[in-house]
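# Inside the fold
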Amino acid sequence: MRLKSNIWVSAYLRRCQTEGVFGAVRRRGAEEAGAVFVKVSLLDGNAMLYVPAPQTSYDDGRPVDRFFVPIAPQPVPEPAVEERLTKELRFDPDAWIVETEDRAGRHFLDLAKT
């Protein structure tokens, strides 16, 4: 069984804090199993957005982990990220949005193998 979203988000923000990265919950979703979207602002007008990986990225060996994929290989303008988040929330109103700020773009997420 996967960790509840609210617990995962809390632990993720604590991890960011220990690395000196500011992070905050922008939108609270369903506590039990809401999808989590992570925006990393690079503080230059660009950002990276990490979305939940498709279910095909998971194997039976680690079914409790959360994996993410970036929407683009390189940073994109923040308005494009905000537009994508708006679309995601229309589709899934139970989603979480977590935002961090780091000029180096560190995200501390487990990325799905492509």
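Structural notes, computed from the coordinates. Keep in mind it's a predicted model, so treat the numbers as computed, not measured. (Residues numbered from 1 in each chain as written. Predicted model: local features only at pLDDT ≥ 70, side-chain atom pairs only at ≥ 80, totals over all residues. Heavy atoms only, no water.)

## Some details on the packing of aromatic side chains
Stated formally: In this scheme Phe, Tyr and Trp rings, the latter by its six-membered ring, pair at centre separations within 6.5 Å, and the angle between planes marks the pair as stacked below 30 degrees, edge-to-face above 60, and tilted otherwise. Numbering goes from the N terminus for both helices and strands, where a helix is a DSSP run of H or I of at least four residues and a strand is a run of E of at least two. Here's how the labels work: a residue is buried when its accessible area is under 20% of the maximum for its type, exposed when over 50%, partly exposed in between, all with a 1.4 Å probe on protein chains only.
Throughout the structure, instances matching the rule amount to 2 aromatic pairs. Their ring planes at 35 degrees and their centres at 5.4 Å tell us that Trp8 and Phe68 sit as a pair that is tilted. Placement of the pair is Trp8 in helix α1 (residues 5–18) and Phe68 in strand β4 (residues 68–70), with a sequence separation of 60 residues. The two residues Trp8 and Phe68 agree in class, both being buried.

## Focus on the side chain of Asp102
The line we're drawing: We call two residues in contact when some of their heavy atoms are within 4.5 Å.
Relative to the helices and strands, Asp102 is located in the segment after β6 (96–101). Beyond its immediate chain neighbours, meaning those up to four positions away, Asp102 contacts Val21, Val40, Ser41 and Leu42.

## Concerning unusual backbone geometry
A positive phi is found at Leu43, a non-glycine position, where the angle reads about 65 degrees. With respect to the secondary-structure elements, Leu43 resides in the loop between β2 (36–41) and β3 (46–52). Residue class for Leu43 comes out partly exposed when judged on its relative accessible area of 37%. At Phe108, a residue that is not glycine, the phi angle is positive and equals roughly 60 degrees. When you line up the elements, Phe108 lands in the segment after β6.

## Here we look at the side chain of His107
Under the convention used in this document: The definition of a polar contact used here is a pair of N or O atoms within 3.5 Å, where within protein one atom must be able to donate a hydrogen and the other to accept one, and adjacent residues in sequence count solely through side-chain atom pairs.
With respect to the helices and strands, His107 occurs in the segment after β6. For His107, the side chain forms a polar contact with the main-chain nitrogen of Leu109, separated by 3.0 Å. Here His107 is in contact with Tyr12, Val40 and Tyr50, once residues within four sequence places are set aside.

## Side note on the environment of Ser41
Tracing the backbone through its elements, the reader meets Ser41 in strand β2. Separated by 40 residues in the primary sequence, Ser41 and Val81 have C-alpha atoms spaced 9.8 Å apart. Ignoring anything within four residues of it in the chain, the contact list for Ser41 reads Asn46, Ala47, Glu78, Glu99, Thr100, Glu101 and Asp102.

Purely spatial values, then, with no claim about function.
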